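Here's the letter readout for the chains.
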Amino acid sequence: MNSRSLLIALALVGSACSSSDGKGSGGPGVGAACNTETEAFECEIVRLVNEHRAAGADCGGQQYGSAPALAMNVQLRTAARAHAEDMAENNYFSHDSQDGRSPSERINATGYEWRTWGENIAAGSSTPAGSVSQWMNSPGHCRNIMNPSFTEIGVGYSNGPGTTYRHYWVQVFGAPR
């Protein structure tokens, strides 16, 4: 099975990198917490997503104009990273955690008060660019990325050597209340 087929249209709807206040750093891909390889991968996802948002996109025949850059939010990043790590540690690929928690339950557990949210997951690609390419080539995932209602993002990455897909990626989008 190739990486592209792993997406199986798994987009759900329901700043850069993190700042200490949990509100985001305000810039598209600059700022804090990109010190480890994992953090650098996560920050690169935000940068690439913001490039696509700035340029606009065709998501399965639906045109999206440019959208404002997303700011990394620490709470959303916590939810995304924990889910990526859980999938890698337990060798599964699903929006629902094996303990039955949904994306909204994971987001709520961080204390993030949302007006709207979305989640994209991907597996198999070893690079941020490869994962963003998977998402942009999937209409549902692309719509989440381009959705102008979302103002914040959290990204999680985990490497699970010996697992089915090895590389697990999660994007959690939100707009606060």
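It should be emphasised that the depicted structure is a prediction, and the values quoted were computed from it without experimental measurement.

Caption draft 1: Highlighting helix α4 (residues 128-136). Those residues of α4 not exposed but buried are Pro128, Ser131, Val132, Gln134, Trp135 and Met136. Taken together, the buried residues of α4 touch α1 (37-55), β2 (57-59), β5 (114-123), α5 (139-146) and β7 (167-176).

Caption draft 2: Looking closely at the confidence of the model for the chain. Predicted confidence across the chain gives a mean pLDDT of 86, with 81% of residues reaching 70 or more. In this model, residues 1-16 is a region of pLDDT below 50 whose contacts with residues beyond four sequence positions or in other chains number 65 contacts.

Caption draft 3: Spatial organisation of the packing of aromatic side chains. All chains considered together, the criterion is met by 7 aromatic pairs. When the ring of Phe41 is compared with that of Tyr157, the centres are 5.1 Å apart and the planes differ by 70°; the resulting orientation is edge-to-face. Note that Phe41 is positioned in helix α1 and Tyr157 in strand β6 (residues 152-159), a separation of 116 residues in sequence. We note that Phe41, like Tyr157, is buried. Seen from their ring centres, Trp114 and Trp117 are 6.4 Å apart, and the 80° between their planes marks the pair as edge-to-face.

Caption draft 4: Quick peek at the state of the cysteines. All told, the structure shown has 1 disulfide when counted by the stated rule. Sulfur-sulfur distance for the disulfide between Cys59 and Cys142 comes to 2.0 Å. Taking the sign of the torsion about the S-S bond as the criterion, the disulfide between Cys59 and Cys142, at about -60°, is left-handed. Residue Cys59 is located in strand β2, and its partner Cys142 is located in helix α5; the two are separated by 83 residues in the primary sequence. For Cys142, a relative accessible area of 0% gives the class buried.

Caption draft 5: Seen up close, the pattern of salt bridges. Across all of its chains, the model carries 6 salt bridges by this definition. The closest approach of N and O atoms between Arg77 and Glu42, which form a salt bridge, is 3.1 Å. Highlighted residues: Arg77 in helix α2 (residues 74-90) and Glu42 in helix α1, separated in sequence by 35 residues. On the basis of relative accessibility, which here comes to 0%, the residue Glu42 falls in the buried class. Each of Glu42, Arg77 and Arg81 takes part in one network of salt bridges that share partners.

Caption draft 6: Structural view of the packing of α1 against α4. The N-to-C vectors of α1 and α4 enclose an angle of 40°; their axes lie 9 Å apart at closest approach. Taken together, the axes of α1 and α4 are oblique relative to one another. You can see that α1 and α4 cross each other, and the crossing is right-handed. Together, Phe41, Glu44, Ile45, Leu48, Val49 and His52 of α1 and Pro128, Ala129, Ser131, Val132, Trp135 and Met136 of α4 make up the contact between the two elements. In the contact of α1 with α4, the residues fall into 9 nonpolar, 2 polar and 1 charged.

Definitions and limits used
- Residues numbered from 1 in each chain as written.
- Predicted model: local features only at pLDDT ≥ 70, side-chain atom pairs only at ≥ 80, totals over all residues.
- Heavy atoms only, no water.
- Buried < 20%, exposed > 50% of the residue type's maximum accessible area, 1.4 Å probe, protein only.
- Helix = DSSP H or I, 4+ residues; strand = E, 2+ residues; numbered from the N terminus.
- Contact = heavy atoms within 4.5 Å.
- pLDDT = per-residue confidence, 0-100.
- Phe/Tyr/Trp six-rings, centres within 6.5 Å; stacked < 30°, edge-to-face > 60°.
- Disulfide = S-S within 2.5 Å.
- Salt bridge = Lys/Arg side-chain N within 4 Å of Asp/Glu carboxyl O.
- Axes fitted to C-alpha atoms, helices over the stretch in contact; angles between N-to-C directions.
- Parallel < 35°, antiparallel > 145°, perpendicular 65-115°, else oblique.
- Left-handed = near helix turned anticlockwise from the far one by under 90°.
- Nonpolar A, V, L, I, M, F, W, Y, C, P; charged D, E, K, R; others polar.

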